[in-house]
Amino acid sequence: MNSPAIKTDNSWFDEKVRLRSDNLPDADPVKVLDMFHGSGSIWDEVRKKTGRTINILGIDKKSGMPLIYLQGDNRKFRVDYSHFHIIDCDAYGSPVTNLQDVLKRSRTPLTVFLTFIQTGMGRLPNNLLFALGYTPAMLDKCQTIFNRHGQKKLLDYLWMVGIRNVKMYSTFDKRKSYLCVKINEPQI
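S.K.: Sorry if this is basic, but what is going on with helix H6 (residues 150-160) here?
M.R.: Residues that lie three or four places apart on an α-helix share one face, since the helix turns once every 3.6 residues. Three or more residues of H6 are buried, namely Gly-150, Gln-151, Lys-153, Leu-154, Tyr-157 and Leu-158. Take H6 and look down its axis: the buried residues cluster within an arc of 160 degrees, on one side only. Among the structural elements, helix H3 (96-105), strand E5 (110-117), helix H4 (126-131), strand E6 (166-170) and strand E7 (176-183) are those in contact with the buried residues of H6. A positive backbone phi angle near 95 degrees is found at Gly-162, which sits one or two residues after H6.

Structure (structure tokens):
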């Protein structure tokens, strides 16, 4: 029997902080929606390293944290993304559902940070596979064959939806990827 996936809060912490610090917009203050807020340690460190004023609205399912945040499932909140410069989706698995909502409802330029992890047996989310053209019949026939090369599939999806600016760190096996993407950028 396989052991359950271990949730490692802030693995690759320094890389996550550097990715955010190096890609802050010029706004002052910077307004962040942190959809998987946790203890807020990543953004606390970004503030320290950059000396920038960063206002954060955090959302998390956990209760009892000594912070001010919205408690609940971030997918159930109807957020007006135009109030933010950054959307942070540092999830334990795939933030594709969150990204699809941001892409569908945002109209202003945004920087989006994503943590994309193929957890457990490496199952990719259906909404990613469907967006890439895989059908329910295909997945019913043989699920495992379509779960290979998750990072490439994510990058293909980003290209399909018009995202051309991607900065990324990955683990050696490419099962964990930490990305910064820009959406709704003005066309030059």
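S.K.: Sorry, what's going on with the environment of Cys-89 here?
M.R.: Along the chain, the position of Cys-89 falls in strand E4 (residues 86-90). Sequence-wise, Cys-89 and Lys-141 are 52 residues apart; in three dimensions their C-alpha atoms are separated by 32 Å. Here Cys-89 is in contact with Met-35, Phe-36, Pro-95, Asn-98, Phe-113, Leu-114 and Thr-115, once residues within four sequence places are set aside.

S.K.: Before we go on, may I ask you to explain the pairing of E7 in this structure?
M.R.: Among the eight residues in E7, seven count as buried, and that is most of the element. Bridge analysis of E5 against E7 gives eight bridges, and the strand direction is antiparallel. Paired with Ile-117 across the two strands is Lys-176, which belongs to E7. Direction of pairing for E6 relative to E7: antiparallel, over a ladder of five bridges. Opposite Tyr-169, over in E7, you have Tyr-178 as the bridge partner. Between E6 and E7, which follow one another and run antiparallel, lie five residues, and Lys-174 among them has a positive phi close to 65 degrees.

S.K.: Looking at this structure, I do not really get the packing of aromatic side chains. What am I missing?
M.R.: Each aromatic ring pair is summarised here by two numbers: the centre-to-centre distance and the angle between the ring planes. Under the criterion given, the structure shown has three aromatic pairs. For Arg-164, the ring lying beneath its charged end belongs to Trp-159, and the centroid distance is 3.5 Å.

S.K.: Looking at this structure, how should I read unusual backbone geometry?
M.R.: Among all residues save glycine, negative phi is the norm, and among peptide bonds the norm is trans. Note the cis peptide between Asp-28 and Pro-29, where omega equals 0 degrees. A positive phi is found at His-149, a non-glycine position, where the angle reads about 60 degrees. Considering the arrangement of structural elements, one finds His-149 in the loop between helix H5 (136-141) and H6.

S.K.: What should I look at first to understand the environment of Val-79 in this one?
M.R.: Considering the arrangement of structural elements, one finds Val-79 in the loop between strand E3 (70-71) and E4. Owing to a relative accessible area of 11%, Val-79 belongs among the buried residues under this scheme. C-alpha separation for the pair Val-79 and Asp-101, spaced 22 residues apart in sequence, amounts to 9.7 Å. In this structure, Val-79 is in contact with Leu-33, Phe-84 and Arg-105, ignoring residues within four places of it in sequence.

S.K.: Just checking my understanding: could you explain the packing of H3 against H6 for this structure?
M.R.: When two helices pack together, you describe them by how their axes are tilted relative to each other and by the distance separating the axes. Two elements in contact, H3 and H6, have axes separated by 13 Å at closest approach and are oriented at 5 degrees. Classified by the angle between their axes, H3 and H6 sit roughly parallel to one another. Contacts between H3 and H6 pair Val-96, Leu-99, Gln-100 and Leu-103 from the former with Leu-154, Tyr-157 and Leu-158 from the latter. Looking at the contact of H3 with H6 residue by residue, the class counts come to six nonpolar, one polar and no charged.

S.K.: Just to check I follow, could you spell out the nonpolar core for this structure?
M.R.: Soluble globular proteins tend to bury their nonpolar side chains together. One finds Leu-33, Tyr-81, Ile-87, Val-112 and Leu-158 to be the most contacted residues of the largest nonpolar core, which totals 27 residues. Breaking this core down by element, the ones donating at least two residues are E4, H3, E5, H4, H6 and E7. The element that contributes the greatest number of residues to this core is E5, accounting for four residues. Those residues in contact with Tyr-81 that sit more than four places away from it in its chain are Leu-33, Met-35, Ile-87, Asp-101, Val-102, Arg-105, Ser-106, Thr-108 and Leu-110. One finds Val-30, Ile-42, Trp-43 and Ile-86 within the second-largest nonpolar core, a separate group that totals 13 residues.

Calculation criteria
- Residues numbered from 1 in each chain as written.
- Predicted model: local features only at pLDDT ≥ 70, side-chain atom pairs only at ≥ 80, totals over all residues.
- Heavy atoms only, no water.
- Buried < 20%, exposed > 50% of the residue type's maximum accessible area, 1.4 Å probe, protein only.
- Helix = DSSP H or I, 4+ residues; strand = E, 2+ residues; numbered from the N terminus.
- Arc of directions from axis to C-beta.
- Contact = heavy atoms within 4.5 Å.
- Pairing = 2+ DSSP bridges.
- Phe/Tyr/Trp six-rings, centres within 6.5 Å; stacked < 30°, edge-to-face > 60°.
- Lys NZ or Arg CZ within 6 Å of the ring centre and 35° of its normal.
- Axes fitted to C-alpha atoms, helices over the stretch in contact; angles between N-to-C directions.
- Parallel < 35°, antiparallel > 145°, perpendicular 65-115°, else oblique.
- Nonpolar A, V, L, I, M, F, W, Y, C, P; charged D, E, K, R; others polar.
- Core = buried A, V, L, I, M, F, W, Y, C linked by side-chain atoms within 4.5 Å.

Structural measurements only, silent on function.
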